[in-house]
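Below are the chains, spelled out letter by letter.
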Amino acid sequence: TGGSTADQVFLQFIHKESGKSAIFVMTQGKNSYNFKMNLGSSDFTDNTYGLGTYVLSAIVGGGDLQKSQTWTIGEIEVTWPPAQSKDSAMDDLAPMKEISHVFQAPPKTPNFIISLVFTIACLAPLGILHVGVQKLGLRLQLPAGSQKLWAIAFQGSLFAIVILNVMYFLYLNIFEALGGLCILSIPTTLTGIRALNYLNTARQKKKDD
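1. Notes on the overall build of the protein
Part 1: Along its length, the protein carries 5 helices and 6 strands.
Part 2: Shown N-terminal to C-terminal, the secondary structure of the protein runs as helices and strands in the order β-β-β-β-α-β-β-α-α-α-α.

2. Observations regarding the sheet that holds strand E6 (residues 69-78)
Part 1: The 4 strands are arranged E2-E1-E5-E6 in an open sheet whose pairing can be described as antiparallel. Both edges of this open sheet fall to strand E2 (21-25) and E6, since each of them pairs with a single strand only. Strand after strand, the sheet turns through a mean of 25° between neighbouring axes, direction not considered.
Part 2: Relative to strand E5 (residues 52-61), strand E1 (residues 8-15) runs antiparallel, the two being bridged by 8 bridges. The partner of Phe-13 across the bridge, within E5, is Leu-56.

3. As for the nonpolar core
Part 1: Of all hydrophobic cores here, the largest spans 11 residues; its members are Val-9, Leu-11, Phe-13, Ala-22, Phe-24, Met-26, Phe-44, Tyr-54, Leu-56, Val-60 and Val-78.
Part 2: Contributions of two or more residues to this core are made by E1, E2 and E5.
Part 3: Setting aside its immediate chain neighbours within four residues, Phe-44 contacts Phe-13, Phe-24, Met-37, Asn-38, Leu-39 and Val-78.
Part 4: In terms of nonpolar packing, the next biggest core, distinct from the first, is built from 6 residues, Phe-118, Ile-161, Tyr-168 and Ile-174 among them.

4. Remarks on the environment of Met-26
Part 1: Tracing the backbone through its elements, the reader meets Met-26 in the loop between E2 and strand E3 (27-28).
Part 2: Counting along the chain gives 10 residues from Met-26 to Lys-36, while the straight-line C-alpha distance between them is 8.3 Å.
Part 3: Excluding its chain neighbours within four sequence positions, the residues that come into contact with Met-26 are Val-9, Phe-10, Leu-11, Tyr-33, Asn-34 and Phe-35.

5. Concerning the pattern of salt bridges
Part 1: Counted under the stated rule, the structure contains 1 salt bridge.
Part 2: A salt bridge links Lys-16 to Glu-75, with the nearest nitrogen and oxygen atoms 3.2 Å apart. Here Lys-16 is found in the loop between E1 and E2, whereas its partner Glu-75 is found in strand E6, with 59 residues between them in sequence.

6. A closer look at the side chain of Thr-191
Part 1: Relative to the assigned elements, Thr-191 resides in helix H5 (residues 174-208).
Part 2: Classification of Thr-191 by relative accessible area gives buried; the value is 7%.
Part 3: Discounting chain neighbours no more than four positions away, the residues touching Thr-191 are Trp-150, Ala-153, Phe-154 and Ser-157.

7. Description of the packing of aromatic side chains
Part 1: All told, the structure shown has 4 aromatic pairs when counted by the stated rule.
Part 2: Ring centres of Phe-13 and Phe-24 lie 5.5 Å apart, and the angle between their planes is 90°; on these two criteria the pair is classed as edge-to-face. Residue Phe-13 is located in strand E1, and its partner Phe-24 is located in strand E2; the two are separated by 11 residues in the primary sequence. The pair formed by Phe-13 and Phe-24 is uniform in burial state, with each residue classed as buried.
Part 3: On the numbers, 6.3 Å between centres and 55° between planes, the contact of Phe-13 with Phe-35 is tilted. Highlighted residues: Phe-13 in strand E1 and Phe-35 in the loop between strand E4 (33-34) and helix H1 (42-45), separated in sequence by 22 residues.
Part 4: Residue classification places Phe-35 among the partly exposed residues on the basis of a relative accessible area of 26%.

Thresholds, definitions, all that
Residues numbered from 1 in each chain as written. Predicted model: local features only at pLDDT ≥ 70, side-chain atom pairs only at ≥ 80, totals over all residues. Heavy atoms only, no water. Helix = DSSP H or I, 4+ residues; strand = E, 2+ residues; numbered from the N terminus. Pairing = 2+ DSSP bridges. Axes fitted to C-alpha atoms, helices over the stretch in contact; angles between N-to-C directions. Core = buried A, V, L, I, M, F, W, Y, C linked by side-chain atoms within 4.5 Å. Buried < 20%, exposed > 50% of the residue type's maximum accessible area, 1.4 Å probe, protein only. Contact = heavy atoms within 4.5 Å. Salt bridge = Lys/Arg side-chain N within 4 Å of Asp/Glu carboxyl O. Phe/Tyr/Trp six-rings, centres within 6.5 Å; stacked < 30°, edge-to-face > 60°.

Now the structure itself:
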């Protein structure tokens, strides 16, 4: 008052239950005094008196003042978070739940009847060829010249179909086997047509002779 300046300003915490007080020095700024403290830090807890209600007062002192001045600022309630129980602490260290994982199911195998029909369909051309040769008393003889390559390719295609059938029983499912059969049917058809054309041409020559 009357142009007097404060040399020191303190912040007093008075514990209402015990009546005890703790005093902290406020920091002088450019135009004011400030006080910052974390109420959970040891600087506060080691110098105060536990939980409860505290009355905050500002104490101002100076050389020009006849006696210090005190102003009550307000009240604050100091509480701590509930302590973690032993059981909850043990829950954090307890084994986690088992992770269940479902592996991909193996591909479905076809019905036995379907597999049998597919096998018979693959072997039918060879069976018909064998019966036809026996009935007609024909001799299997490769043609001469360039037609020999077509005949060998045709027989190789038929042999590949037999190998595909074996692979179907050992490794492949019905869809993979059908895909392979579609691919093999192309060279088998082309080489078979060329071989049959040669046989037809050879028969026409014999008739003309």
